[in-house]
Amino acid sequence: MAEKKSIEERVKEMIVEQLGVNPEQVTPKAKFIEDLGADSLDTVELVMAFEEEFNVEVPDEEAEKLQRVGDVVRYIEEHVEEES
Amino acid sequence: MSTNSLTSKVAVVTGASRGIGKAIALRLGQMGAAVACVSRKASDAEATAGEIVGLGGKAKGYGTDVRLKQEVDETSRSILRDFGQVDLLVNNAGVTRDGLAARMSDEDWDLVLDTNLKGAFLWIRAYSRHFLERRTGKIVNISSVSGLIGNPGQANYSSSKAGLIGLTKSIARELASRGITANAVCPGFIETDMTKNLPEKVRAKLLEEIPLRRFGQAEEVAGLVGFLCGPESNYITGQVFIVDGGLLA
């Protein structure tokens with residue numbers, strides 16, 4: 001049986017796909033805009049994609065704080081319902 | 001006319017039961033698009049949809065009050081379920097409640113702004129995620145020459161129509177990088193229910209000011225909207241087009 005992917009792995013894959021960056025660039029400390037070249041619309045699209053993928057709601061004031069890859073992983077880990 | 005240039009496209013037209021909106025719905029249907037006709041009353045929307053189907057096209061009617069977020073969100077989802085996708089959004093729904101500003105009621109102000117301006121925003125927001133995901137989408141907002149020049153008695157209407165131009169330009173800039181376009185069309189005086197009750201004296205005076213010496217036909221606006229929904233307009237975004245018989249020339 002295939003091992004279930006961690007939230008971190010899934011987030012990383014989505015960022016690679018959305019921003020067209022190399023997986024090794026997507027470190028927990030990488031900033032979306034400065035390090036990964038995202039524009040403001042990319043960040044909106046990413047938030048919408050995370051909301052859909054993980055079935056979480058990210059209010060605007062929270063979304064603004066998610067500047068690094070690690071921030072997103074932590075936010076989702078804290079807010080996602082445990083999938084059984 | 002480039003018939004069939006919209007084959008396999010799905011269009012949403014608000015205010016599709018009468019006047020310019022109906023002409024637009026019919027034109028897009030003629031050009032091959034499947035058309036979701038939206039009107040406040042479902043039966044009115046279904047009548048226009050029925051005409052499109054009668055001409056061999058594909059269409060469905062939806063009753064929706066465009067002022068209400070919940071109704072717009074629900075209908076926008078129903079349309080996606082029914083047609084599988086949306087490519088074209090024409091925000092045409094509009095009302096007038098004319099009166100001099102000094103005596104205009106809050107209700108008349110709100111009704112016109114909520115229908116004409118907020119309604120368009122609600123539809124754009126409802127489909128922006130869908131458009132972003134698919135990297136395609138064309139938005140056409142029906143403004144008015146009243147949004148470009150003032151018109152006594154239309155503080156609410158001209159504000160809403162000027163607002164639509166700002167909305168169009170901002171949305172065009174926000175979504176351009178994803179291949180999504182937004183343009184505005186400003187009809188002048190067109191023969192519709194909205195203008196048919198103008199007093200004869202007013203009408204005669206207007207005709208003197210319109211270089212082409214006649215009111216326009218709804219189909220003459222629909223033709224431009226069809227072009228702006230078609231592939232030949234792909235490089236045009238954030239623009240305002242005037243169809244007014246030369247009134248503002």
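Residues numbered from 1 in each chain as written. Chains lettered and ligands numbered in written order. Predicted model: local features only at pLDDT ≥ 70, side-chain atom pairs only at ≥ 80, totals over all residues. Heavy atoms only, no water.

Where an unreviewed UniProt entry is consulted, chain B appears under the name 3-oxoacyl-[acyl-carrier-protein] reductase, with the organism given as Methylacidimicrobium tartarophylax. Quoted verbatim from the Catalytic activity (unreviewed entry) heading of the UniProt record, the comment on chain B is "a (3R)-hydroxyacyl-[ACP] + NADP(+) = a 3-oxoacyl-[ACP] + NADPH + H(+)". (UniProt positions renumbered as here; feature names shortened; annotations may be inferred.)

Chain A carries the name Acyl carrier protein in an unreviewed UniProt entry, which gives Methylacidimicrobium tartarophylax as its organism. Regarding chain A, the relevant UniProt record gives this comment under Function (unreviewed entry): "Carrier of the growing fatty acid chain in fatty acid biosynthesis." According to its UniProt record, chain A has this under Sequence similarities (unreviewed entry): "Belongs to the acyl carrier protein (ACP) family."

Another aspect to go through is the packing of aromatic side chains. Residue and element names in this part refer to chain B. A complete count under the given rule lists three aromatic pairs over all chains for this structure. Each residue in the set W123, Y127 and F131 is aromatic and connected to the rest through ring pairs, giving one cluster. Over the face of the ring belonging to F215 we find R203, whose NZ or CZ atom lies 4.6 Å from the ring centre. (Phe/Tyr/Trp six-rings, centres within 6.5 Å; stacked < 30°, edge-to-face > 60°. Lys NZ or Arg CZ within 6 Å of the ring centre and 35° of its normal.)

Let's shift gears to the UniProt feature "domain: Carrier" (unreviewed entry) in chain A. According to UniProt, the positions carrying the feature "domain: Carrier" (unreviewed entry) are residues 5-80 of chain A. For residues 5-80 of chain A, helix accounts for 57% and strand for 0%, while the C-alpha atoms at its two ends are 14 Å apart. (Helix = DSSP H or I, 4+ residues; strand = E, 2+ residues; numbered from the N terminus.)

For the rest of this paragraph, the subject is helix α4 (residues 69-79) of chain A. What α4 of chain A keeps buried is the set V69, G70, D71, V72, V73, Y75 and I76 of chain A. In this structure, the buried side of α4 of chain A is in contact with α1 (7-19), α2 (40-54) and α3 (60-63) of chain A. (Buried < 20%, exposed > 50% of the residue type's maximum accessible area, 1.4 Å probe, protein only. Contact = heavy atoms within 4.5 Å.)

As a further point, take the UniProt feature "active site" (unreviewed entry) in chain B. All names here are of chain B. Mapped onto the present numbering, the UniProt feature "active site" (unreviewed entry) falls on Y157. Following the sequence through the fold, Y157 ends up in helix α5 (residues 155-175). By relative accessible area, Y157 is classed as buried at 8%.

To continue, consider the UniProt feature "modified residue: O-(pantetheine 4'-phosphoryl)serine" (unreviewed entry) in chain A. Residues and elements named next belong to chain A. According to UniProt, the positions carrying the feature "modified residue: O-(pantetheine 4'-phosphoryl)serine" (unreviewed entry) are S40. Secondary-structure assignment places S40 in helix α2. Taking relative accessible area as the criterion, S40 reaches 55% and is therefore assigned exposed.

So, about the interface of chain B and chain A. Counting residues at the interface gives eight residues for chain B, matched by nine residues for chain A. When the buried area of chain B at its contact with chain A is split by residue, R129, L132 and R178 of chain B rank highest and sum to 73% of it. If you look at where chain B meets chain A, you find five salt bridges. One salt bridge connects D42 of chain A with R178 of chain B, and the closest N-O pair in it is separated by 2.6 Å. (Buried area = accessible area lost by both parts, 1.4 Å probe. Salt bridge = Lys/Arg side-chain N within 4 Å of Asp/Glu carboxyl O.)

Grouped together as the largest cluster of nonpolar side chains are 31 residues, with contacts concentrated most on I24, L28, V90, V185 and V225 of chain B. Put simply, the parts of the chain that give this core at least two residues each are β1 (10-14), α1 (19-30), β2 (34-39), α2 (42-54), β4 (88-91), β5 (138-142) and α8 (218-229) of chain B. Here this core gets seven residues from one element, more than from any other, and that element is α8 of chain B. Residue contacts for V90 of chain B: discarding those within four places in its chain leaves V12, V13, T14, I24, L28, V140, I142, V225 and C229 of chain B. Listed in part, the 30 residues of the second largest apolar core include M48 of chain A together with V38, L167 and L175 of chain B. (Core = buried A, V, L, I, M, F, W, Y, C linked by side-chain atoms within 4.5 Å.)

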